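A closer look at the structure
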Amino acid sequence: MWPVRSALFVPAHRRDWVGKAIRVSPDAVVLDIEDSVPPQFKPQAMGLLKEEIAELKAAGVGAFVRVQPLYDGTPAEIEAAVTDGLTAIVLPKVANPEEIGRLADLLSYFEGRAGIAHGGVGILPLPETAEGMHAARDIAKASNRVRGIHGALSGPVSGDFARAFGFRATTEGLEQLYLGSKLVLDSRAGGAMYPIAGIFGTAQDDLAAVERLIRRARDLGYSGVAVMHPSHVAVANGVYRPTAEEVAYFEGLLAAFEAAEKAGLGAVSYQGAMVDYAMLPLAREILAEAKRGK
């Protein structure tokens, strides 16, 4: 199911919200048992995970679970989450590669207990610490389960990344460009090809501001975004869906290059620009993404 273009956060203790989330057509749902769940409801949230994951699987929607930062209770949280249909664990406050190794070992153990294929559950590290941001490449390399570094882009309301890094979030976002780009590069350099950006810090009903942040994430290289409100899913899917103009351009590019190859050429002028083999992978990726629909 990778890349995941849109993921919607849902507090895992709100059982009826899963069906509502499915109706807005995200690629995945993030069942949260961390920040959006009050402490007294966390046991209830854990107890609902397998039922919720089964509902998502039946609907063809990916299932992420955001657990709490590693602590003594992490094994119980992973046991509650690991079931057929679990796509990935989102691990917050990651500081070093050793934490990814510990999580990978837990996943292997509970995959075996659950009788599901070894290695099928991915990891999305959320490095909301200065140490973790600095070590993001090593974190991405720590396990072949890591699908992508989970970064964040914020509007003017700051969150964990801003506090850990020390910047003050603004609407323009210039203070976040270095970190946003670094996490994308570190993720791919570490072999985790699907970095995701959390989108937050703006008014939920300001869809124009949400779209600006999602476009910024796409342009920085994030393969998808995680959003906080159902109305943001359609915006994310729309931003990441290739336009008709892009499809026509890349279809024409491939056709022009195919004709050039038949003529014994390795480069061709297309719409005023020289095109060679280096441009073909992107064209094919765009056209493959267009075929996914939504």
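Coordinates for the structure precede this section.
All values reported here derive from a predicted model rather than from experimental measurement.

What to know about the overall build of the protein chain
Secondary structure assignment for the protein chain yields twelve helices and ten strands. Projected onto its principal axes, the C-alpha positions of the protein chain cover 65 × 45 × 35 Å. Buried residues in the protein chain amount to 51% of all 294 residues. Contacts spanning at least 24 positions in sequence make up 68% of the contacts within the protein chain whose residues lie at least 6 apart. For the protein chain, the accessible surface area stands at approximately 13,100 Å², while carbon and sulfur atoms represent 56% of it. One finds the centroid of the 30 positive side-chain charges in the protein chain at a distance of 2 Å from the centroid of its 35 negative side-chain charges.

Here's the deal with the packing of aromatic side chains
For the coordinates displayed, the defined rule picks out seven aromatic pairs. Judged by centre distance (5.7 Å) and plane angle (15°), the rings of tryptophan 2 and phenylalanine 64 are stacked. Of the two residues, tryptophan 2 sits in the segment before strand 1 (6–11) while phenylalanine 64 sits in strand 3 (residues 62–66), which places them 62 residues apart along the sequence. Given the relative accessible area of 22%, tryptophan 2 is considered partly exposed. Ring centres of tryptophan 2 and tyrosine 194 lie 5.8 Å apart, and the angle between their planes is 20°; on these two criteria the pair is classed as stacked. Of this pair, tryptophan 2 sits in the segment before strand 1 while tyrosine 194 is found in the loop between helix 8 (177–189) and strand 7 (196–200), placing the two residues 192 residues apart along the sequence. By way of ring pairs, the aromatic residues Trp2, Phe64 and Tyr194 are connected into one cluster.

Thoughts on the packing of helix 3 (residues 74–81) against helix 4 (residues 97–114)
Packed helices, taken two at a time, are described by the angle between their axes plus the distance between the axes. For the pair helix 3 and helix 4, interaxial distance at closest approach is 9 Å and the crossing angle is 45°. In terms of axis orientation, helix 3 runs oblique to helix 4. Seen from above, helix 3 lies across helix 4 with right-handed handedness. Every residue of helix 4 that contacts helix 3 at Thr74, Pro75, Ile78 and Glu79 is listed here: Leu103, Leu106, Leu107, Phe110 and Arg113.

Brief notes about the side chain of glutamine 68
Mapped onto the secondary structure, glutamine 68 falls in the loop between strand 3 and helix 3. The exposure class of glutamine 68 is buried, given its relative accessible area of 18%. A distance of 2.6 Å separates the side chain of glutamine 68 from the side chain of glutamate 77, its partner in a polar contact. Discounting residues that sit within four places of it in the chain, glutamine 68 has contacts with Ile33, Glu34, Lys42, Glu77, Leu91 and Pro92.

Describing the pairing of strand 5 (residues 122–126)
Most of strand 5 is tucked away, with five of its five residues classed as buried. Along strand 5, one buried face is formed by Gly122, Leu124 and Leu126 and the opposite face, lined by Ile123 and Pro125, is buried too. Note: strand 4 (residues 86–92) against strand 5, five bridges, orientation parallel. Among the inter-strand pairings, valine 90 is bridged to a residue of strand 5, identified as leucine 124.

A few points about the pattern of salt bridges
One side chain can pair with another of opposite charge once the charged atoms of both are near each other. Evaluation of the coordinates by the stated rule reveals 19 salt bridges. Linking aspartate 32 and arginine 66 is a salt bridge whose minimum nitrogen-to-oxygen distance equals 2.8 Å. Taken together, the residues span a long stretch of sequence, with aspartate 32 in strand 2 (residues 28–32) and arginine 66 in strand 3 at a distance of 34 residues. Since its relative accessible area comes to 10%, arginine 66 is described here as buried. The salt bridge involving aspartate 186 is made with lysine 182; its shortest N-O contact spans 2.4 Å. Of the two residues, aspartate 186 and lysine 182 are both situated in helix 8; the distance of four residues between them amounts to about one turn of the helix. For aspartate 186, a relative accessible area of 11% translates into the label buried. Among the residues examined, lysine 182 registers a relative accessible area of 15% and is labelled buried. Each of Asp32, Glu34, Arg66, Lys93, Glu128, Asp160 and Arg163 takes part in salt bridges that share partners, so that together they form one network.

So, how was this worked out
- Residues numbered from 1 in each chain as written.
- Predicted model: local features only at pLDDT ≥ 70, side-chain atom pairs only at ≥ 80, totals over all residues.
- Heavy atoms only, no water.
- Helix = DSSP H or I, 4+ residues; strand = E, 2+ residues; numbered from the N terminus.
- Buried < 20%, exposed > 50% of the residue type's maximum accessible area, 1.4 Å probe, protein only.
- Contact = heavy atoms within 4.5 Å.
- Areas by Shrake-Rupley, 256 points an atom, 1.4 Å probe, with all protein chains shown as cover.
- Lys, Arg positive; Asp, Glu negative; His and termini not counted.
- Charge placed at Lys NZ, Arg CZ, Asp CG, Glu CD.
- Phe/Tyr/Trp six-rings, centres within 6.5 Å; stacked < 30°, edge-to-face > 60°.
- Axes fitted to C-alpha atoms, helices over the stretch in contact; angles between N-to-C directions.
- Parallel < 35°, antiparallel > 145°, perpendicular 65-115°, else oblique.
- Left-handed = near helix turned anticlockwise from the far one by under 90°.
- Polar contact = N/O pair within 3.5 Å; in protein donor to acceptor, adjacent residues only side chain to side chain.
- Pairing = 2+ DSSP bridges.
- Salt bridge = Lys/Arg side-chain N within 4 Å of Asp/Glu carboxyl O.

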